[in-house]
Amino acid sequence: MLKRRHLLLAAAMGLLPASVSQAAVIGIDFFGGGGGGGVAATQMGATESAGAIPSTNWNSLTNNTQATPQALMDSTGAATTATVTWNSNNTWNIPGTDTPGDLRMMKGYLDAADFSTAPAPPASGNTTTVTVAGVPAGIASSPYSVIVYYDGDNGGSNRTGKFSISGALTGNATLYGRDAANATFNGVYLQGQTPVDPLNGDTTMVDGNATAALLVPAGNFMVFTGLTGDTFTLSAQSYVASDNTNRASVNGIQIVSGTVPEPATLSILGLAAVGLIRRRRR
């Protein structure tokens, strides 16, 4: 009974949704050089647990580009049919120590070039792409979720990225997420996303536009739901910033069976969690 209460509480807090609590997860972590106050991220170990849905055996990968498909294992350490390729402008790191677990997973990231200095969209100069193929049938045969982690070395600036999933049979979508000023990841996951374009399609105001940047919820991860099919491509594009350098980061990805709660649902479940805690204390 105690174990069940712990699982329900975790689900209510949005960390371990009940629908996916027993399913294997495929986690992809990106790391490399650059930034980080001179402290670079290193490869994650198999036993390190990280993610809004905690899992181990992350596929911890380096280099800013990889055209050769890399085989992926799941959170149990088992080989899967899934592979990943990616392309980005460079790798970078957020400030802080290289500490095992969540801090290490979030420290390094794929970095998209500045929108205002790169070739105009849809050129690849300002967009990071990550393509996953061969998602295992046990996941791909029913709607699944993709969690995207984003947190860059943005200091006191608000920077909003445009994130899209394409190539799936269902669940293709575009979401915007804001990397808030002075909010370097400290071990706390915050879901921040909206499908509403803060620029309303006007890409002439991408720099020094705090008003537009602040229209997007702040966070460090977003969730795409309702995906089916064994292939998808994630695109992360630098979009709008309060300073003159707009960027978009991809620190990691989790592919999860089932549906991860949406932000509104997480708020409701969070209130339920408080109720559970209070009842237990009584």
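For the structure itself, look to the data block above.
Here the structure is a predicted model, which means the values were calculated and not measured.

Asks: Hey, could you go over the pairing of strand E4 (residues 79-87) for me, with residue numbers and the actual values?
Replies: Alignment of strand E3 (residues 65-73) against E4, held across five bridges, turns out to be antiparallel. Residue pairing for E4: Met73 is matched across the bridge by Ala79. Bridging between E4 and strand E7 (residues 127-133) involves five bridges; their strand directions are antiparallel. Each bridged residue has a counterpart across the sheet, and for Thr85 the counterpart in E7 is Thr131.

Asks: Can you lay out the packing of aromatic side chains for me, pointing to particular residues and giving the numbers?
Replies: Across all of its chains, the model carries 10 aromatic pairs by this definition. With a centroid separation of 5.5 Å and 40° between ring planes, the pair formed by Tyr150 and Phe163 is classed as tilted. Here Tyr150, found in the loop between strand E8 (144-149) and strand E9 (159-166), pairs with Phe163, found in strand E9; they are 13 residues apart in sequence, far enough to count as distant. There is no split in this pair, since Tyr150 and Phe163 are both buried. With centroids separated by 6.3 Å and ring planes inclined at 85°, the aromatic side chains of Tyr189 and Phe221 adopt a geometry described as edge-to-face. Residue Tyr189 is located in the loop between strand E10 (173-179) and helix H4 (210-213), and its partner Phe221 is located in strand E11 (residues 221-227); the two are separated by 32 residues in the primary sequence. Per residue, the accessibility class of Tyr189 equals that of Phe221, and both read buried.

What counts, and where the lines are drawn
- Residues numbered from 1 in each chain as written.
- Predicted model: local features only at pLDDT ≥ 70, side-chain atom pairs only at ≥ 80, totals over all residues.
- Heavy atoms only, no water.
- Pairing = 2+ DSSP bridges.
- Helix = DSSP H or I, 4+ residues; strand = E, 2+ residues; numbered from the N terminus.
- Phe/Tyr/Trp six-rings, centres within 6.5 Å; stacked < 30°, edge-to-face > 60°.
- Buried < 20%, exposed > 50% of the residue type's maximum accessible area, 1.4 Å probe, protein only.

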